[in-house]
Amino acid sequence: MGLGMKMGLEMGMGIRMGMEMGIEDGDGVGDDEDGKGVGDGDEDRDRVGGKDGDEDKHDYCIIGAGPSGLQMAYFLQQAGRDYVVFERGHAPGSFFALYPRHRKLISINKQYTGKSNSEFNLPHAWNPLMVRYLEDFAALLELRVQYNTAIIHVTLDADPQAWNGHYFVLTDQNRQKYKCSSLLVATGTWVPNVVNFPGSEYVEGYETVSINPEDFAGQTVLILGRGNSAFETAENILGVTNFIHMVSRSRVRLSWATHYVGDLRAINNGLLDTYQLKSLDGLLEGDLEDLAIVKDKKGKLHITLRYYLENRNTSAGIDSITLPQDELDNFATRAPYDRVIRCLGWKFDFAIYNRSLRLMPGKGNKNKYPQIKPNYESRGTRGLFILGTASHSVDFRKSAGGFIHGFRYTTRAVHRLLENRHHGVPWPSTVYPITQLTNSIIKRVNEASGLYQMFSVLADIILLRENATAFEYLEEYPVGVLAELETQTGRKAANGLFVIIMEYGRNFSGADKDVFYYNRAVGEAQHAWQSNFLHPVIYYYKRLPTEREMRFRPPDWPLPRPDAIHHIVEDFLTDWTAPNAHILPLRRFLENCLGTDLRNFFAESCFLFAFTRQKLPPFCQQGYVRMQGLVGTRRLQGHAMEAGLLENYTVTDFTGDRLLSSHQGSQDQLLQDHAMPVRPLQHVVNAKDEL
């Protein structure tokens, strides 16, 4: 097994599918009506249909053996569930075998980060592996993938015995039918976006146009679109064409200004140089539906407006068509073009789904994705989940859910939701004593790849136990369904909770933002709330927010207004471990929320507190009182005294030159009236400065 395969399997086993190709793709928040929750008995628990002797009936059907489909298959197989994956191609990841056409990735891949922590390194390696890995992953793990099976129709079959009142019936190209209780769609967005206008038959598509630059030598080219596929195409032929014009309805949005990875990436933006530095190429804005293309006798393509074409005399020849330059002699696109190329991205294939599923396109600029809830379930049909790129409507233009380095985490979240809903397996969690609260948060914000990549979408949840003596830690939960946390996870939130999430500054992202302005960074802890770059934010709620509060939260807020909120100040190294700038303000915030002391103390301090306080700090209650703690050594004692955390009570001999060991000092010597300056009150004050 090669090193790449070994690394890939480790990430796969650790629920890390780390591939992303540079393909464009396309936040809907609303009510989630999940019905029953998870009860203590089987009668209160939703159940999927089990095997009944029918070979073509499964609990879970997955359409698509791309990254998210295989990842979900892995989870289901590890959990021992009944599933099958349908893949139309002869191998997994067939889309990525073709695209991007010019084999140029937009992924950021840092092989070295200076750290060995794999969880920390993962956010900086978006695409460490390629298509070959998908094949090896599926084969080595023996995932149940049925290749060369194109699902051409999906409908519902009502059945009162089904857990949701229906089964999904899938039909393949051979008219073979399959029945399943839950349907997981991981087909991505692969249908080309096409704009129809007069003359659109002369337009070549990104999916079929030549990728050989020599085919464009000496030609004049018009590209429709302004995303990464359009600029990728332009970059490929930039050096051989006469000039390239690019037209689209919207302005260019640069990813480093919007902080959205789907916008134009620097690797493809060479045409911006040739445009702004006046090297013939150029960008134009216009509605493509208002255009028309006319082909002359020499095969040249002329741009006109639909208005002129529709109002011409239909009996007249093509030479009688009015062109914009006939009225405006400096019209921008008056020069004829040799080729027009469409690069408008992709959309979801709705054609195979029967109307009974009520799988509807999103609204506005999300219409290329199906409408889904924040838990990635279809708004129209219970039990139908959308995975991978097609699930991007939840965080479109906000986070990375449409890309592999993002949906590798949301796919895992969907599996955890399914495990709880159908099999009574609660969301994974770990219980810690309250004294570990600060450390747990600091550890996660410094290494959690899911929070880092799916900022403002996935969050860590801390559920407080009664009297705040302990807490339960849940990782990477979809914040859009925070109101349904108890139902979705099987965990209780009766005593308040903290939500840890990553955010950019409110006014730091946008196509018109100057992200390089002077003094853009914030370094002082007291101004942490003004941080611009990605940084951790902790929300505190005394109770779980309601669905109404989620629906009417402030604009651009991922969560409703909390009872308290804390920003950890942004850090140039994204290393939030500074004792004074990061840890101390966080600890004091947590202490104010809980009304308790979260510091750690030496046994001597706990002993003094027992005589001077009515209530011991949790650390003393859970450690010192139970006779637990760090075993003292001379080295540790010496370090504490040097740091001023302990008084020097060392007994010396009468000359003051050496220590008296337990063997050397007799009982009489220990009872001698030595001068031992004890200042208990001063010591208590010093203890407050401990971190």
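All values reported here derive from a predicted model rather than from experimental measurement.

(A) Layout of the pairing of strand 6 (residues 177-185). Within strand 6, seven of the nine residues are buried, which leaves it mostly tucked inside the rest of the structure. Bridge count between strand 1 (residues 57-63) and strand 6: six bridges; the pairing is parallel. Residue pairing across strands places I62 opposite L184, the latter belonging to strand 6. Bridge count for strand 5 (residues 166-172) against strand 6 is four bridges, and the pairing is antiparallel. Paired with T171 across the two strands is K177, which belongs to strand 6. Between the end of strand 5 and the start of strand 6, which pair antiparallel, lie four residues, with R175 showing a positive phi angle near 65°.

(B) Up close: the sheet that holds strand 21 (residues 535-541). Judged by pairing direction, the sheet is antiparallel, and its six strands sit side by side in the order 17-19-18-20-21-22 without closing on themselves. Two strands close off the open sheet at either side, each with one partner strand: strand 17 (429-433) and strand 22 (564-567). Here the strands of the sheet are splayed against their neighbours by 20° on average, with no regard to which way each runs. Against the sheet, helix 11 (residues 404-423) makes contact with strand 18 (458-464) and strand 19 (470-478), and its axis sits at roughly 120° relative to strand 19, the strand it touches most.

(C) Structural detail: the pattern of salt bridges. A complete count under the given rule lists 22 salt bridges for this structure. Residue R342 pairs with E207 through a salt bridge whose shortest N-O separation is 3.0 Å. Of the two residues, R342 is situated in strand 14 (residues 339-342) and E207 in the loop between strand 8 (204-205) and strand 9 (220-224); the sequence distance between them amounts to 135 residues. Bridged by salt links that share partners, the residues R412, R444, D460, E475 and E476 form one connected network.

(D) Structural context of the environment of R253. Relative to the helices and strands, R253 is located in the loop between strand 10 (243-248) and helix 7 (255-258). By relative accessible area, which is 31% here, R253 ends up partly exposed. Each C-alpha atom of the pair R253 and A511 lies 5.3 Å from the other, and the pair is 258 residues apart in sequence. In contact with R253, not counting residues within four places along its chain, are T258, D263, L264, R397 and A511.

(E) Structural view of a nonpolar patch on the surface. The grouping of F607, F611, Y624 and V625 at the surface amounts to a nonpolar patch, some 430 Å² of accessible area in total. Its location among the elements puts F611 in helix 17 (residues 603-612).

(F) Quick look at helix 12 (residues 437-447). Counting buried positions over the eleven residues of helix 12 gives nine, a clear majority of the element. Residues L437, T438, S440, I441, I442, R444, V445, N446 and E447 constitute the buried set of helix 12.

(G) Main features of the environment of K373. With respect to the helices and strands, K373 occurs in the loop between strand 15 (346-347) and strand 16 (384-386). Judged by relative accessible area, which is 9%, K373 ranks as buried. For the pair formed by K373 and I386, sequence separation is 13 residues and the distance between their alpha carbons is 9.6 Å.

(H) Representation of the packing of aromatic side chains within the structure. Counting across every chain of the model gives 26 aromatic pairs. Between F348 and Y353, the ring centres sit 5.8 Å apart and the planes meet at 15°, which makes this aromatic pair stacked. Here F348 matches Y353 in class, with each residue buried. Among the aromatic residues, ring-to-ring pairing joins F95, F96, Y99, Y206 and W346 into one connected group.

(I) Seen up close, the sheet that holds strand 10. If you walk across this open sheet you meet the five strands as 8-14-9-10-11, and the pairing is parallel. Only two strands of the sheet have a single neighbouring strand rather than two, namely strand 8 and strand 11 (282-285). Bridge count between strand 8 and strand 14: two bridges; the pairing is parallel. In the strand pairing of strand 14, E204 is matched with I341. Contacts from helix 6 (residues 228-237) reach strand 9, strand 10, strand 11 and strand 14 within the one sheet, and its direction differs from that of strand 10 by about 175°.

(J) Structural view of the nonpolar core. By size, the foremost hydrophobic cluster in this structure holds 57 residues, and its most contacted members are I62, L143, V154, L170, L183, L184 and Y353. Contact partners of L183, with chain neighbours within four places excluded, come to C61, I63, V154, F168, L170, G383, L384 and F385.

(K) Spatial organisation of the packing of helix 2 (residues 67-78) against helix 11. Their axes nearest at 10 Å, the elements helix 2 and helix 11 cross at an angle of 35°. Handedness of the crossing formed by helix 2 with helix 11: right-handed. On the side of helix 2, the interface is formed by P67, S68, Q71, M72, F75 and L76, while helix 11 contributes I404, F407, R408, T411, R412, V414 and H415. Residue composition of the contact of helix 2 with helix 11, grouped by class: seven nonpolar, four polar and two charged.

(L) Just the packing of helix 2 against helix 5 (residues 131-140), in detail. Helix 5 packs onto helix 2 with a crossing angle of 20° between their chain directions and a minimal axis gap of 11 Å. With respect to each other, helix 2 and helix 5 are oriented roughly parallel. The interaxial crossing formed by helix 2 with helix 5 has left-handed handedness. Residue-level contacts link P67, L70 and Y74 of helix 2 to L134, F137 and A138 of helix 5. Grouping the amino acids of the contact of helix 2 with helix 5 by side-chain chemistry returns six nonpolar, no polar and no charged.

(M) Seen up close, helix 5. Within helix 5, the full set of buried residues consists of V131, Y133, L134, F137 and A138. Down the axis, helix 5 shows its buried residues gathered within 150° of arc, on one side only. Facing away from the buried side of helix 5 by over 90 degrees, the exposed positions are R132 and A139. Just downstream of helix 5, E142 is the residue with a positive phi angle, here 55°.

(N) Inspection of the confidence of the model for the chain at higher detail. Looking at the chain, the pLDDT average stands at 82 and 80% of residues meet or exceed 70. Averaged over each element, pLDDT in the chain is lowest for helix 1 (residues 3-13) (38) and highest for strand 18 (98). Low confidence marks residues 1-54, where pLDDT is under 50. Its contacts with residues over four positions away, or in another chain, come to 181 contacts. The model gives residues 652-690 a pLDDT under 50, and that stretch makes 45 contacts with residues more than four places away or in other chains.

The rules behind the values
- Residues numbered from 1 in each chain as written.
- Predicted model: local features only at pLDDT ≥ 70, side-chain atom pairs only at ≥ 80, totals over all residues.
- Heavy atoms only, no water.
- Buried < 20%, exposed > 50% of the residue type's maximum accessible area, 1.4 Å probe, protein only.
- Helix = DSSP H or I, 4+ residues; strand = E, 2+ residues; numbered from the N terminus.
- Pairing = 2+ DSSP bridges.
- Axes fitted to C-alpha atoms, helices over the stretch in contact; angles between N-to-C directions.
- Contact = heavy atoms within 4.5 Å.
- Salt bridge = Lys/Arg side-chain N within 4 Å of Asp/Glu carboxyl O.
- Patch = residues over 30% accessible without salt bridge, like charges linked within 9 Å, V, L, I, M, F, W, Y side chains within 5 Å.
- Areas by Shrake-Rupley, 256 points an atom, 1.4 Å probe, with all protein chains shown as cover.
- Phe/Tyr/Trp six-rings, centres within 6.5 Å; stacked < 30°, edge-to-face > 60°.
- Core = buried A, V, L, I, M, F, W, Y, C linked by side-chain atoms within 4.5 Å.
- Left-handed = near helix turned anticlockwise from the far one by under 90°.
- Nonpolar A, V, L, I, M, F, W, Y, C, P; charged D, E, K, R; others polar.
- Parallel < 35°, antiparallel > 145°, perpendicular 65-115°, else oblique.
- Arc of directions from axis to C-beta.
- pLDDT = per-residue confidence, 0-100.

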